[in-house]
Amino acid sequence: MTVLLDNILGGLALGAVYALVALGFVVIFKASGVLNFAHGSLLLFGGYLIAVLHDDLGFAGALALAVLTTAALAGALDRFLLQRGGQDAHSAHVQTIVTIGIDIVLLTDLARRIGGDLLTLGDPWGDAVTELGPLTVADSRLAAIVVSAVVIGAVFALFRFTSWGLSLRAAAEDLEAAALMGVRLGRVRAGAWCLAGALAALAAVFLAAFPAPGLERTTGQIALNAFPAAILGGLASPAGALAGSLIIGLTEALVVGYQSELHVLGEGFGDVAPYAVMLLVLLVRPTGLFGAKGAARV
């Protein structure tokens, strides 16, 4: 029972971090119809900034600067590389392909800088643990759950109670109608990309924190496990991204925790388990758990 509870708590912490990344996928897709395959490299960029700056600025200062810089980079990529392609559905498909090229460029440069090193981010939790009854929990996992809950709550409030959030929802419903009603689609897109970049930089802290060994050049690829979480919940649904992330996080933690009992599925099955769950759900609900069928005029 203790092992099960430990795996569940670890899965909730992992799912909370995945939710930060998955929300980035969703908010960009809602604003522009673009699937941002460069999201993992943006996360790695934010984590790298924290790693190289925390000695001089302290963890809080490095985190703040990394969040702002990653948000600015994401916004600049959209403004100067993607928005030039237009705002229609065909352009969104082309821009999705462009993000693959952006990802290759960013990952190549960051991998060259990081090399084979394991970088520490200077987080205040270190390898500290807390006793919760029979469980011994890393403080970084508790921090991941608390911080993610606060940030996700703030993001949902942003969607619900601000004019930008209203504009984002209008753009997600119908880009042309939103533009005719005076919604500045460029600003909505820019805000969405900046928000996604900021969330990615924050998620990097917890993906590299104990019990992980640190930030490495493959950390961005690990973050892409949040992609099936976004698909699973429905790409246009923030609530779906949250639910999908928790499902994926719990699945991955339980599969890894019980790997010895699941050896017949092969070693490393935990790496593909998120995608297996995604495929199984999409066989039943092709639009995702919270996705809705759309009507198109032809």
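Computed from a predicted model, the values in this text were never measured in an experiment. (Residues numbered from 1 in each chain as written. Predicted model: local features only at pLDDT ≥ 70, side-chain atom pairs only at ≥ 80, totals over all residues. Heavy atoms only, no water.)

As for helix α7 (residues 185–208)
Taking 1.5 Å per residue, 24 residues should reach 34 Å; α7 reaches 35 Å between its end C-alpha atoms and fits that length. Counting buried positions along α7 yields 19 of 24 residues, so the element is predominantly enclosed. (Helix = DSSP H or I, 4+ residues; strand = E, 2+ residues; numbered from the N terminus. Expected span 1.5 Å × (residues − 1). Buried < 20%, exposed > 50% of the residue type's maximum accessible area, 1.4 Å probe, protein only.)

Considering the UniProt feature "transmembrane region" (unreviewed entry) in the chain
Residues given the UniProt feature "transmembrane region" (unreviewed entry) here are residues 12–29, 34–51, 57–77, 142–161, 190–210, 222–248 and 272–292. Here residues 142–161 runs as 100% helix and 0% strand, with 28 Å between its end C-alpha atoms. As annotated, residues 190–210 has a helix share of 90% and a strand share of 0%, and its two end C-alpha atoms lie 33 Å apart. (UniProt positions renumbered as here; feature names shortened; annotations may be inferred.)

Section: the nonpolar core
In this structure, V27, L43, I50 and W164 are the most contacted members of the largest nonpolar core, which totals 76 residues. When residues no more than four places from it in sequence are discounted, the contact partners of V27 are F159, W164, L168, A192, L195 and A196. (Core = buried A, V, L, I, M, F, W, Y, C linked by side-chain atoms within 4.5 Å. Contact = heavy atoms within 4.5 Å.)

Considerations on the packing of aromatic side chains
Within this structure, the stated rule accounts for 6 aromatic pairs. Judged by centre distance (5.6 Å) and plane angle (45°), the rings of F37 and F227 are tilted. In this pair, F37 is assigned in the loop between α1 (2–32) and α2 (39–82) and F227 in helix α9 (residues 226–233), connecting sequence segments 190 residues apart. With relative accessibility at 17%, the residue F227 sits in the buried group. Cluster of aromatic residues (ring-pair linked, three or more members): F25, F37 and F227. (Phe/Tyr/Trp six-rings, centres within 6.5 Å; stacked < 30°, edge-to-face > 60°.)

Some remarks on α1
Between its terminal C-alpha atoms α1 stretches 45 Å, which fits the 45 Å expected from 31 residues at 1.5 Å a residue. Across the 31 residues that make up α1, a large majority, 22, are buried.

Topic: the confidence of the model for the chain
Fine structural detail should not be taken from predicted coordinates in areas where pLDDT scores are low. Confidence in the prediction of the chain, expressed as mean pLDDT, is 87, and 93% of residues score 70 or more. When pLDDT is averaged over each helix and strand of the chain, the minimum, 75, is found for helix α6 (residues 175–180) and the maximum, 95, for α2. (pLDDT = per-residue confidence, 0-100.)

Description of the environment of W164
Structurally, W164 is set in helix α5 (residues 163–173). On the accessibility criterion, W164 (18% relative accessible area) is buried. Between the C-alpha atom of W164 and that of V183, which follows or precedes it by 19 residues, the distance is 9.3 Å. Excluding anything up to four places from it in sequence, W164 contacts V27, L158, F159, R187, V188, G191, A192 and L195. A polar side-chain atom of W164 sits 3.4 Å from the main-chain carbonyl oxygen of V188. (Polar contact = N/O pair within 3.5 Å; in protein donor to acceptor, adjacent residues only side chain to side chain.)

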